[in-house]
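# Topology and contacts: notes
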Amino acid sequence: MIDITAERFYGAKSEQITHQDVLRRQPLGPYQWLLMQLNDDLYQVLSDSERDVLATDAGANAYVEHMEALGEVHGELTKAPATPLGAEQSNTSLVVGDTIVKVFRKLEDGLNPDVEILSQISNPHVAQVTGYVTLAGRTLAMQQERIDGTDGFELATQGFDPQAAHDLGAAIRSVHTSLAETFGTTTVDAQHLRETLHGNLDSYLRRAPILKEFEESIRELYDDTLNSATVEIQRVHGDLHLGQTLKSGDHWYLIDFEGEPARPLAERQRPDHVMRDVAGMIRSFGYARAVRDLDAEWERQCVDKLKLGYGQTDPALDAYIADKAAYEVVYEANNRPDWVDIPLDALRSIL
């Protein structure tokens, strides 16, 4: 049986495999499409009997040519020669003519937020979905217009003009407005959000004890900035950073609306405070500065311009920046210890 645990898209490499099975098998051209179960998770694979071949030219073309045979088609699917995008991550993206086909590798019950959001909102700063495929309620793949642009993180690490951050802030605000108009807003007790942030910190402290010295200050920040009786929440991007943007000419696009893949689908679909997205972008500028050793003044100007472009921000922004930085400390402490000072310095600054 094909072993997918070494594949880039398989995100549970630290888990012991106790159960593995092929639930469905279907020929796609010269290959076999497999619906595989590993422990409690489902994955789709395109196999030549030895390995996954979806990220090869031949495999990509076989998938695109036959993907309507895999499940129920919604909207329209167009065909053209397919080329893997090359940035293999938790999903696999294929360039198909003037479109992108995103193949979701890990399958979950329910419509993927990337499809759900982009097939419903109309906004000049997102790429429209033209069609998608589901199987038993799970999203297999989606096709959307291709944006000919440059990755925002790549641009930022080149030290772009901070005025570009102003335009990015305006684009984020525009998308948030469209999300609110399409999916609505909800007023909740601010205590609910405070408890969520405190719960996050509890988890971070267990995984990164280095955060202990900041605990009291972080908790005070949460209580001080989310001190109103109620707060408005809505659907947001959920995992917004410079790498989730493309700049085409002077125009910004936001991409990849599925949220953090490690979180359960139901959690990624929940409404949240819009400041979570703004905070994620602010922290991304911090990383761009650190990675390329850019000037601190450049980062400050970018953050100021981003806020100005977004418009009215909320005192809760500092709480969400701290939450994001604390999460980054956990990630860096466990994956890239040499980088842990990047988010630690951000915490020291904001606290």
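Notes on the structure in this doc start here. Fair warning: this is a prediction, and the values are worked out from it, not measured in the lab.

Pairing is antiparallel in the open sheet, where three strands are placed in the order β11-β14-β15. A strand with exactly one partner marks an edge of an open sheet, and here the two such strands are β11 (150-151) and β15 (251-254).

What follows concerns the packing of helix α4 (residues 163-183) against helix α8 (residues 275-292). At a closest axis distance of 11 Å, the pairing of α4 and α8 adopts a crossing angle of 155 degrees. Judged by the inter-axis angle, α4 sits roughly antiparallel to α8. Relative to α8, α4 is oriented so that their crossing is right-handed. Contacts between α4 and α8 involve Ala165, Leu168, Ile172 and His176 on the former and, on the latter, Asp277, Met281 and Phe285. The residue makeup of the contact of α4 with α8, split by class, is five nonpolar, one polar and one charged.

Applying the stated rule across the entire model yields 22 salt bridges. Arg276 is paired through a salt bridge with Asp323; the nearest N and O atoms lie 3.2 Å apart. Of this pair, Arg276 sits in helix α8 while Asp323 sits in helix α10 (residues 316-335), placing them 47 residues apart in sequence. One salt bridge in this structure joins Arg300 and Asp304, with 2.6 Å as the shortest N-O distance. Of this pair, Arg300 and Asp304 both sit in helix α9 (residues 296-310), four residues apart, roughly one helical turn. Here Arg300 falls in the partly exposed class, since its relative accessible area comes to 43%. Among the charged side chains, a network of salt bridges with common partners joins Lys102, Asp114, Asp256 and Glu258.

This part takes up the sheet that holds strand β3 (residues 41-47). A sheet is described by the order of its strands in space; here four strands give the open sequence β1-β2-β3-β8, paired in antiparallel fashion. Two strands lie at the open edges of the sheet, namely β1 (20-28) and β8 (106-107), each paired on one side alone. Contacts from helix α1 (residues 57-66) reach β1, β2 (31-38) and β3 within the one sheet, and its direction differs from that of β2 by about 90 degrees.

Before going further, it helps to spend a moment on the pairing of β1. Examined bridge by bridge, β1 and β2 share eight bridges and lie antiparallel to one another. The partner of Gln20 across the bridge, within β2, is Leu38. A loop of two residues connects β1 with β2, the two strands running antiparallel in sequence, and Gly29 in this loop sits at a positive phi of about 60 degrees.

Following the sequence through the fold, Gln44 ends up in strand β3. Only 3.1 Å separates the side chain of Gln44 from the side chain of Tyr63, close enough to count as a polar contact. If sequence neighbours within four positions are ignored, Gln44 has contacts with Trp33, Leu34, Tyr63, Val103, Phe104, Arg105, Leu107 and Leu140.

As a further point, take the nonpolar core. Within soluble globular proteins, side chains that are nonpolar tend to cluster in buried spots. Phe160, Leu168, Leu211, Phe285 and Leu306 are the most contacted members of the largest nonpolar core, which has 67 residues in total. Setting aside its immediate chain neighbours within four residues, Leu168 contacts Leu242, Thr245, Trp252, Leu254, Met281, Phe285 and Leu306. In terms of nonpolar packing, the next biggest core, distinct from the first, is built from 24 residues, Tyr31, Leu35, Leu107 and Val133 among them.

Next up on the list: the environment of Ala156. By the secondary structure assignment, Ala156 is in helix α3 (residues 152-156). For the pair Ala156 and Leu242, spaced 86 residues apart in sequence, the C-alpha separation works out to 7.9 Å. Ala156 has contacts with Leu242, Ala288, Leu294 and Trp298, leaving out every residue within four places of it along the chain.

About the criteria used
- Residues numbered from 1 in each chain as written.
- Predicted model: local features only at pLDDT ≥ 70, side-chain atom pairs only at ≥ 80, totals over all residues.
- Heavy atoms only, no water.
- Pairing = 2+ DSSP bridges.
- Helix = DSSP H or I, 4+ residues; strand = E, 2+ residues; numbered from the N terminus.
- Axes fitted to C-alpha atoms, helices over the stretch in contact; angles between N-to-C directions.
- Parallel < 35°, antiparallel > 145°, perpendicular 65-115°, else oblique.
- Left-handed = near helix turned anticlockwise from the far one by under 90°.
- Contact = heavy atoms within 4.5 Å.
- Nonpolar A, V, L, I, M, F, W, Y, C, P; charged D, E, K, R; others polar.
- Salt bridge = Lys/Arg side-chain N within 4 Å of Asp/Glu carboxyl O.
- Buried < 20%, exposed > 50% of the residue type's maximum accessible area, 1.4 Å probe, protein only.
- Polar contact = N/O pair within 3.5 Å; in protein donor to acceptor, adjacent residues only side chain to side chain.
- Core = buried A, V, L, I, M, F, W, Y, C linked by side-chain atoms within 4.5 Å.

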